[in-house]
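Architecture at a glance
Single-letter residue listing:
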Amino acid sequence: MEPEKTIPRAVIITILTAIVVYAAVSFVAVGLVGADRMAESRSPLQVAAGTMTTPGIGLVITLGAATAMLGVLLSQILGISRMLLAMGRRNDLPAFFEKIHPVTSVPHIGIIFTSVVILAITLLGSFEFVVRSATFTILLYYSITNLAAMKQPLVQQLHSRAIPWLGLAGCLAMSVSLPWDVIVSGVILLAAGFGVRWLVKKM
Amino acid sequence: MDVLLSKLSAAGIVAIGFGSYVHELIPVFSPMVYSVSAIVLLTIANLLGIKKAGTVNMVIVFVTLLSLVYFVFSGLGALDTNNFTPFAPFGVLGIAEASAILFFAFTGYARIAPWPKR
């Protein structure tokens, strides 16, 4: 149960597994049908699977795609509800988001709020603007994580200080290589976010 | 605030993606029925406590990984090396842009474009 040991280990194992799986899948998919045919498709792995002869491969890939979506959805509900909790604690959002359920010890208000919004987006559709700018805002968010890691006291740092610097450089390099309209919509969204935060703080 | 909005939108999009994939597998109900059921069930899993949510996540990740491993082994025998040339035709910039988009994929957002419209 020692989180100071298990969490860093879990992070490293997860990243290494992800690298191996991503690399193997892309290697096989590109090797089978080529990058051009993959780029033309909305579901490139299904195109690659279409050339395979192993039994049930099409079914397996669609099932894997479905569970991949499910996994993201589960972890988004989990993550967003904890973000709401943290923002409630810091007064960036109303205080009722701080509430923890006495029996299950989960931030139930945040979970239900998150799910209702996700349901609404699913039924009504999302703002294309938000989706388009998401790549940029996510990269910015990871840049901030790297900055926070740099500011951490030395005794709390598990690895070399070079890691957050490399991370920051990587995030910034990736974000500037995005198409300009993505960057512009990201900046506009950020400005709007700061506006809302200012309003919440005023209330 | 913006990350919140991005994540919520992404979650909505993966819910739609899930619905359309399951509809491909079991075309009994409309995709939206599957999307909404997934959101409701995963909300319940989250409300039951972090341990239950963790177990559900384990099962989901296991099935996903298993399907990818099956994919890799199914394809390994039939690779065509010609498909690897030209290698990185857009140079470092191409790799940087692809990485940025993949970064998005890491949080599961990549499915924005690929979910099949059928």
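The shown structure was predicted, so the numbers you read here are calculated from the model rather than taken from an experiment. Once a new chain begins, its residue numbering starts again from 1 and follows that chain's sequence as written. All chains are assigned letters beginning at A, and all ligands numbers beginning at 1, according to the order in which they are written. With the structure being a predicted model, the display of local features is reserved for residues of pLDDT at least 70 and the display and counting of side-chain atom pairs for 80 or more, all residues being used for whole-chain, interface and lining totals. In computing side-chain properties, one takes all heavy atoms of the structure into account and sets aside hydrogens as well as water.

This part covers helix 3 (residues 50-75) of chain B. With 26 residues, helix 3 of chain B should reach 38 Å at 1.5 Å per residue; the first-to-last C-alpha distance of 37 Å fits that figure. When we look at burial in helix 3 of chain B, the residues that qualify are Ala 53, Ile 60, Thr 64, Ser 67, Leu 68, Phe 71, Val 72, Ser 74 and Gly 75 of chain B. A run of DSSP states H or I qualifies as a helix once it reaches four residues; a run of E qualifies as a strand once it reaches two. Both are numbered from the N-terminal end. Working rule for helices: expected span equals 1.5 Å times residues minus one. For every residue, the accessible area (1.4 Å probe, protein chains only) is compared with the maximum for its type, and the residue is labelled buried under 20%, exposed over 50%, or partly exposed between those bounds.

Before going further, it helps to examine a nonpolar patch on the surface. Residues forming no salt bridge and having over 30% relative accessible area are the ones grouped into patches, like charges within 9 Å of each other and nonpolar side chains (Val, Leu, Ile, Met, Phe, Trp, Tyr) within 5 Å. A 1.4 Å probe and the Shrake-Rupley method give the accessible areas. Residues count as covered only by the protein chains that appear here. Think of a salt bridge as a Lys or Arg side-chain nitrogen and an Asp or Glu carboxyl oxygen that are within 4 Å of each other. Side chains of Ile 7, Val 11, Ile 12, Ile 15, Leu 16 and Ile 19 of chain A sit close together on the surface and give an oily, nonpolar patch of about 540 Å² of accessible area. Position of Ile 12 of chain A among the secondary structure elements: in helix 1 (residues 3-40).

With that out of the way, let us pick up the packing of aromatic side chains. All names here are of chain A. Note on ring pairs: Phe, Tyr and Trp rings are taken, using the six-membered ring of Trp, and paired if centres are within 6.5 Å. Classes follow the plane angle, with under 30 degrees stacked, over 60 edge-to-face and the rest tilted. What the rule picks out here adds up to five aromatic pairs over all chains. Where Phe 96 meets Phe 97, the ring centres are 4.9 Å apart and the plane angle is 35°; that geometry is what we call tilted. Overall, the relative accessible area of 4% leaves Phe 97 in the buried class. Here Tyr 141 and Tyr 142 contribute two aromatic rings whose centre-to-centre distance is 5.2 Å and whose plane-to-plane angle is 70°, an arrangement assigned as edge-to-face.

Attention now goes to unusual backbone geometry. The omega angle of the peptide bond from Thr 85 of chain B to Pro 86 of chain B is -5°, so this bond is cis rather than trans. Counting through the fold element by element, Pro 86 of chain B comes out in the loop between helix 3 and helix 4 (91-106). Its identity as a non-glycine residue notwithstanding, Ser 105 of chain A has a phi of 45°, on the positive side. By secondary structure assignment, the location of Ser 105 of chain A is in the loop between helix 3 (57-89) and helix 4 (108-124). Positive phi, normally seen in glycine, also occurs at Ala 88 of chain B, with a value near 45°. With respect to the helices and strands, Ala 88 of chain B occurs in the loop between helix 3 and helix 4.

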